[in-house]
Amino acid sequence: MSYTKVSPPVSPTPTLSPFSSRSSSNGSTASQKRESHLTATAKRQKYFRRLFKFRQMDFEYAFWQMIYLFISPQKVYRNFQYRKQTKDQWARDDPAFLVLLTFWLCASSIGFTLALNLGILGFIKFLLWVIFVDCIGVGLLIATLFWFISNRYMLINPPRGQDVEWGYAFDVHLNAFFPLLMILHFFQLPFLTFFINKEMFLSRFFGNTLWLLAIGYYIYITFLGYSALPYLKNTRTLLFPMTGVLLIYILSLILGWNFSWGLSQFYHDRVMDSV
């Protein structure tokens, strides 16, 4: 099956009788209006209240988003635009994507624990570091930085009462982080010990190329996220870091820097120094 022809999963719509259609329609409209006028704090509280209510999460749609972040990330952000039209917010209101991302972080942590021989205690500490520092902690900093820059310097004047939601900035980070995670923590893992972490040019070339691809995905998906907002200008400047990334990539091949070997050493030392 070609994924490029697949539409995003949608929830089934119940069939209404002719007698109930008018009252149901009015109730639905009123509900949407109440939801659209929620404050940012109320939306955030609603999001966290749903964090452990797995039956209310749309995992099928979250999985569809993860697939399309690789093959057609523009489609993911078109659905963010649809959410803005229907719920008056750009940020996700369903934590299913974050829950699935946590699952992939747990799975990749098991793989790195075996590859680096960290042991059970090492696995627990590695998992906590990866989830709460590498993904969420760094994500909070990056999202806050982009939220500040976009609202301070990239809004179209006059902004017409619109600004970038912090929750949306964090969602953009999670979207960009997922392909990076899959490339560096899943795809390269089988090659890490016996090929990438060797003193050979081909090993360095293969490993560093994966880093180039992963960081390129992160930058491009971040750019798509902010360019999807119609009230931002100069979003193409978010692609400028790719020039520096390409330069560092070329220098790494010339000077013998192996990023994957450095990552392995960093992970091992960070965990084992205090185990």
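Residues numbered from 1 in each chain as written. Predicted model: local features only at pLDDT ≥ 70, side-chain atom pairs only at ≥ 80, totals over all residues. Heavy atoms only, no water.

Enquirer: Whenever I open this one, the overall build of the chain confuses me. Can you help?
Expert: Helix and strand counts for the chain come out as eleven helices and zero strands. Secondary structure elements of the chain occur, N-terminal to C-terminal, as α-α-α-α-α-α-α-α-α-α-α. Counting all 275 residues of the chain, 41% fall into the buried class. Considering only contacts in the chain between residues 6 or more positions apart, those separated by 24 or more positions represent 75%. For the chain, the accessible area works out to roughly 15,700 Å², and carbon and sulfur atoms hold 67% of it. (Helix = DSSP H or I, 4+ residues; strand = E, 2+ residues; numbered from the N terminus. Buried < 20%, exposed > 50% of the residue type's maximum accessible area, 1.4 Å probe, protein only. Contact = heavy atoms within 4.5 Å. Areas by Shrake-Rupley, 256 points an atom, 1.4 Å probe, with all protein chains shown as cover.)

Enquirer: How do you make sense of the packing of aromatic side chains when you look at a structure like this?
Expert: The relation between two aromatic rings is expressed through the spacing of the ring centres and the mutual angle of the planes. Evaluated as defined, the whole model comprises 25 aromatic pairs. A ring pair is formed by Tyr 61 and Trp 64, whose centres lie 5.8 Å apart and whose planes are at 10°; its orientation type is stacked. Here Tyr 61 and its partner Trp 64 are both found in helix α3 (residues 59–71), three residues apart, which amounts to about one turn of the helix. Grouping residues by exposure puts Tyr 61 and Trp 64 together as buried. Ring geometry for Phe 80 versus Tyr 168: centroids 5.6 Å apart, planes at 75°, classification edge-to-face. (Phe/Tyr/Trp six-rings, centres within 6.5 Å; stacked < 30°, edge-to-face > 60°.)

Enquirer: What should I look at first to understand the nonpolar core in this one?
Expert: The tendency in soluble globular proteins is for nonpolar side chains to be buried side by side. Leu 101 and Tyr 168 are the most contacted members of the largest nonpolar core, which has 63 residues in total. Elements supplying a minimum of two residues to this core: α3, α4 (73–87), α5 (96–116), α6 (119–153), α7 (166–187), α8 (189–196), α9 (201–227) and α11 (259–272). In terms of residue count, the dominant contributor to this core is α7 (13 residues). Apart from residues lying up to four places away in sequence, Tyr 168 is in contact with Tyr 77, Phe 80, Trp 90, Ala 91, Gly 225, Ala 228 and Leu 229. If you look at the next biggest cluster of nonpolar residues, it comprises five residues, including Leu 212, Ile 219, Tyr 249 and Leu 253. (Core = buried A, V, L, I, M, F, W, Y, C linked by side-chain atoms within 4.5 Å.)

Enquirer: What should I look at first to understand the UniProt feature "transmembrane region" (unreviewed entry) in the chain in this one?
Expert: Mapped onto this numbering, the UniProt entry annotates "transmembrane region" (unreviewed entry) at residues 97–119, 126–149, 176–197, 209–232 and 238–260. Secondary structure over residues 126–149 splits into 100% helix and 0% strand, and the C-alpha atoms at its two ends are 32 Å apart. (UniProt positions renumbered as here; feature names shortened; annotations may be inferred.)

Enquirer: I'm lost on helix α10 (residues 241–255) in this one. Help?
Expert: Given 3.6 residues per turn, any residue in an α-helix points the same way as the ones three and four places further on. Between its terminal C-alpha atoms α10 stretches 21 Å, which fits the 21 Å expected from 15 residues at 1.5 Å a residue. Inspection of α10 places Val 245, Tyr 249, Ser 252 and Leu 253 among the buried residues, and these make up the whole buried set. Around the axis of α10, the buried residues are gathered within 95° of arc, so they sit on the same side. Facing away from the buried side of α10 by over 90 degrees, the exposed positions are Thr 243, Leu 247, Ile 254 and Leu 255. Tucked into the core, α10 has its buried residues touching α9 and α11. With its phi angle positive at about 85°, Gly 256 sits one or two positions after the end of α10. (Expected span 1.5 Å × (residues − 1). Arc of directions from axis to C-beta.)

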